[in-house]
Structures are given as C-alpha cells and as structure tokens.
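Secondary and tertiary structure notes
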Amino acid sequence: MTEFDWTQLLDYALMGMLLAVGIAIVRLRNLFAAVMLAGVYSLISAAWFVTLDAVDVAFTEAAVGAGISTVLMLAAMLLTAREAEPVKAIRHWAALIVVSVAGAALFYAVGDMPVYGDPNSPANAYVGMDYITSTPNDIAIPNVVTAVLASYRGFDTFGEVVVIFAAGLGVMLLLGLNPGKKTGGEE
Amino acid sequence: MDILLLIRDIASIALLAVGVLFVLAGAIGVIRLPDFYTRIHAAGVTDTLGAELIVFALMLQAGFTLLAAKLLLVGFILFLTSPTATHAVANAAHRAGLNPLLSRHQPPHPRDTETGEKS
Amino acid sequence: MNPHLVLRVVSKLLIPLIVVFGLYVHFHGDYSPGGGFQAGVIVAAAVILYALIFGIENAKQAVPTGFVRFMAAFGVLLYGGTGVATLILGGNFLDYDVLHPDQAHHTGQHIGILLVELGVLFTVFSVMMAIFYAFAGRAPDIPEGEW
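Below: a short report on this structure. (Residues numbered from 1 in each chain as written. Chains lettered and ligands numbered in written order. Predicted model: local features only at pLDDT ≥ 70, side-chain atom pairs only at ≥ 80, totals over all residues.)

Broken down by element type, chain C carries five helices and zero strands. Reading chain C from its N end, one meets helices and strands in the order α-α-α-α-α. When its C-alpha atoms are laid out on the principal axes, chain C stretches across 65 × 25 × 20 Å. Looking at chain C as a whole, 41% of its 147 residues are labelled buried. Partitioning the contacts of chain C with sequence separation of at least 6, the portion at a separation of at least 24 is 59%. (Helix = DSSP H or I, 4+ residues; strand = E, 2+ residues; numbered from the N terminus. Buried ≥ 20, exposed ≤ 12 C-beta atoms within 10 Å, placed from the backbone. Contact = placed C-beta atoms within 7 Å.)

And the structure:
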C-alpha cells in the first residue's frame, strides 16, 4: 500500500469545481450570471494548468479567458438579451444523445492515452527531447517554450498570427470600427 | 543563524494560518450573511486581507531575493485593486437602486432629493 | 463630486503600470513565462480598462481606430519582414542566426525572437481593440433603472 499522494486532492478539487461550474453554466437562464461563470471557469482552468506544470498556458488562459473574453462576451450580451429563452423538450433529448455518444467515444479513447509524463509517449520521444537538450546550444535562452514557439516552430507561429489577423479583419469588415456613425454601406 | 530561520518559519506559518482563516471567514460570510452589502464586505475581506497576509507569509519565506521584490509588487497591486473592485460593485448596486437592509429608519435615497443636494 | 472618483484615481495610477507590465512580460519571454500573446492581451486589457472608465470617445481619441487598423497589419508585416530580412542576409526564411555576426552567444536568436514576438504583440493588441471597438461602440445606452 503506497503512501497516499496528498497533492492529488488538489487535482480532484479543481476538477470537481470545474464540473460544478460547467453544470451551473448550462442550467442558468440569466445570461449575465452565465458570462461571469464562464470567466470563473477560465480562472479555475488556469489554476489547474499551473498544477500540471504548464505555466505559459496558464498565463495565456488567465489573461485571455478570464480577462479579455469576459469583457467581450459582456459587451456582446449587452447587445442581445439578459435571459436565455427556454428550450423545447425535444432538443434536450437530441442534445443528450449527441453528448452521450461523443462522451462515450472520448472515454473509450482515454484508455489508449499515454501516462502523464511518460518519456516514451509520442510527444516526448521524437523531437520533444531533442528540443530540450539542444536549446542551450542552439538558441541559448532559458525558456524552452518560447524557443520552440518562436524559433524551432516559427512557421507555425507565423500561421497563428495570420489567423488572428484574419479574424480581426473579418470583424472589421463585417461590423466596422465606428458603428455609431451612420455611414453608407455599413450594416 | 538557526534561531533566525526558526523565527522566520514560525512567523510565516502564523501569517499563513491567519490569512487562511480570514479567507475561510470571508467564504462563510458570502454564503451566510443576509444582505448584499454585508456579503460584499465579506468578499472584500477575503480579497484584501486574506490574500495580503498570504503574500506577506510567502515574502518572509523567500528571503531577500528578487522573488521577494516581485511578491512585494504583487501585494501592492492587490492592495490597490481589491478595495477598488469592492467599491465599484457596491457603488454600482447603490446607484441602481438596491437599498441596504436597515432596521427601522429608512432615510430617503439621494436620487429622490437630488434637486437640493450637492453630493 | 464625480460619482466615479475612486475608480478614476485608481485607474490613472494603474493603467501605466499595466502597460509597463505588458512590456515586461514581452521582453522577459526569453527567461520567464511570457511572450508576445500574453503581452498583447495585457496591453489591450489596459486600454479596455481606460475605455470602460473614461468612455469610448476618450479611448478612441487615445487609441484611434486608424491606428488599430494599421497596427493589425503592421504586426504581420513585422513577422514576415523578419523572415524576408533573414533571406536577404543570406540564410533561410526565419533563420535568426544570420541577423547578428556573434555566433558564440547566439545574439541573432535573441534579436529574431524579440522582433517576431513584437509582431505578435502588435497584431494581438490591435485585434482585441478592434473587436472591443466593434462591439462596445454599438451598445445602446442602458438607462439607470434598467439594470
């Protein structure tokens, strides 16, 4: 009987809170409270990423999810409605069937996943270890995540920036940045 | 040298315990208190006092390094923003018309006597 | 007395600090968690805070919409331009080692990563500001009793 790992309690508590907040978001009809709970969900996910030792991801999740995304969703909610309309019963059953099938498939796939931190998993076995061992020689910066993001996989980050720019371009073209003025072709 | 480390450890344990106690008190207060304004007060205690004491305890543990300077900055920012956030929420509630739960005497809302008042 | 006095004073203290923190996160992306994405979001959060407290018109005077449009494209241009610069200097596309002759300390890598993450910062900042201006500029004025 091995020693009980007390830090697992933290993981269980965080995942339990995520589950409770998720159920509350689905069940609430007041949209203001739902938007606020979505911000709380992002913050608890950021805390959970820290316990998984992924600090860069947690930083980005906290900044984007709990910060900007809440403000933007509030601004969008101000334009639509304060309460969600009730859903017909038939859509409940259809949604339940779809979610159950997808959830069962995911649970079935979890059995094939590698153990957390396995050195032979595909993420760590091929280029992962090479990045970690050759970053001090090739790039000479301590943060391996930035080295992989900006130097080894610079093309992928370029694609990300172009995608973000395309999203902003879509918003600018569809909505316009000065919506108060009654210009000719804007809708 | 050893006795100094012992004092530092005991001080940080004491500060951590008191900070966690205040966070717990704030959490219980948010659930059990009767009125919105009293609940805001409990949440503010959690944010400001509990978090500041915990940051202080961690600063003692970090010694005299760069980490302690960063924690000092974090504590300073928390000291500025948490009371402001509490004030903003309470101010918004008051301007929207939520009256506090008073016992007998209900003074008129400043909105209703706005023509004469200058505050 | 202004009803939002406390918020105005505290935000006048804090908004420059938030912008400086965003720049700190960007420049220390090499040594601590950070980089361009987080820094862009943090600077955008500072400007959005200004817009929430002082009004959208004042925010549009401080960060005009033309500036936002220009910066969105300029970020992508900066990223691609770094790659083209490395091509002109003789290496491959986005091969940062040719940017600086000092090969022992890989100074070219530092310069390349800083420039590239700066491009990411500009684009992320301006896209967040664009979405905020597009949504918040349309919001109907909520009268005081409707909340």
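Additional details are given in the paragraphs that follow.
Helices and strands together make up the secondary structure of chain A, namely eight helices and zero strands. When its helices and strands are written in sequence order, chain A yields α-α-α-α-α-α-α-α. What you see for chain A is a C-alpha radius of gyration of 22 Å, clearly larger than the 16 Å of a compact globule of 187 residues, by over 25%. Within chain A, the fraction of its 187 residues that count as buried is 16%. The contacts in chain A between residues at least 6 apart in sequence include a share of 43% that link residues at least 24 apart. (Rg over C-alpha atoms; globule rule 2.2 N^0.38 Å.)

Moving on: the nonpolar core. Counting 52 residues, the largest nonpolar core has Val41, Ala44, Val124, Met128, Met129, Ala130 and Phe132 of chain C as its most contacted members. Listing elements by their share of this core, those giving two or more residues are α3 (55-79), α7 (144-152) and α8 (154-175) of chain A together with α2 (36-54), α4 (65-88) and α5 (107-136) of chain C. Broken down by element, this core gets its largest block of residues, 17 residues, from α5 of chain C. (Core = buried A, V, L, I, M, F, W, Y, C linked by C-beta atoms within 7 Å.)

On to α2 of chain C, then. Residue and element names in this part refer to chain C. Helix length check: α2 (19 residues) gives 27 Å between terminal C-alpha atoms against 27 Å at 1.5 Å per residue, within 8%. With 14 of its 19 residues buried, α2 lies for the most part within the structure. Positive backbone phi, approximately 100°, marks Gly55, located one or two places after α2. (Expected span 1.5 Å × (residues − 1).)

Before going further, it helps to spend a moment on the arrangement of the chains. The assembly contains two pairs of chains in contact; the pair sharing the most contacts is chains A and C. Between chain A and chain B there is no contact; the minimum C-alpha to C-alpha separation amounts to 14 Å.

Right, let's get into the interface of chain A and chain C. With 40 residues of chain A in contact, the opposing surface of chain C contributes 47 residues. No other element matches the 14 residues that α3 of chain A contributes to the side of chain A that touches chain C. Classifying every residue of the side of chain A that touches chain C by side-chain character gives 29 nonpolar, ten polar and one charged. (Nonpolar A, V, L, I, M, F, W, Y, C, P; charged D, E, K, R; others polar.)

What follows concerns the environment of Gln8 of chain A. If you trace the backbone, Gln8 of chain A turns up in helix α1 (residues 7-27). Here the alpha-carbon distance between Gln8 of chain A and Val110 of chain A, two residues 102 residues apart in the chain, equals 19 Å.

With respect to the helices and strands, Gly75 of chain C occurs in helix α4. On the neighbour-count criterion, Gly75 of chain C (27 C-beta atoms within 10 Å) is buried. Spatially, the C-alpha atom of Gly75 of chain C lies 22 Å from that of Gln61 of chain C, the residues being 14 residues apart in sequence. Setting aside anything within four residues of it in sequence, one finds Gly75 of chain C in contact with Val161 of chain A together with Gly119, Val120, Phe122, Thr123 and Ser126 of chain C.

Residues and elements named next belong to chain C. Running from N to C, α4 and α5 cross one another at 155°; their axes reach a closest spacing of 8 Å. As far as their axial angle goes, α5 and α4 are roughly antiparallel. Pair α4 / α5 crosses with left-handed handedness. Classifying every residue of the contact of α4 with α5 by side-chain character gives 17 nonpolar, seven polar and no charged. (Axes fitted to C-alpha atoms, helices over the stretch in contact; angles between N-to-C directions. Parallel < 35°, antiparallel > 145°, perpendicular 65-115°, else oblique. Left-handed = near helix turned anticlockwise from the far one by under 90°.)

Counted at 1.5 Å a residue, the expected span for helix α2 (residues 31-51) of chain A with its 21 residues is 30 Å, and the 30 Å between its end C-alpha atoms agrees. Phi turns positive, to about 70°, at Asp53 of chain A, one or two residues after α2 of chain A.

Turning next to the packing of helix α1 (residues 2-32) of chain B against helix α2 (residues 36-62) of chain B. Residue and element names in this part refer to chain B. Remark: α1 packs on α2, axes separated minimally by 8 Å, with the N-to-C direction vectors making an angle of 165°. In terms of orientation, α1 lies roughly antiparallel with respect to α2. Helix-helix and strand crossings are classified by hand; for α1 and α2 the assignment is left-handed. Across the contact of α1 with α2, the residue classes tally to 18 nonpolar, seven polar and two charged.

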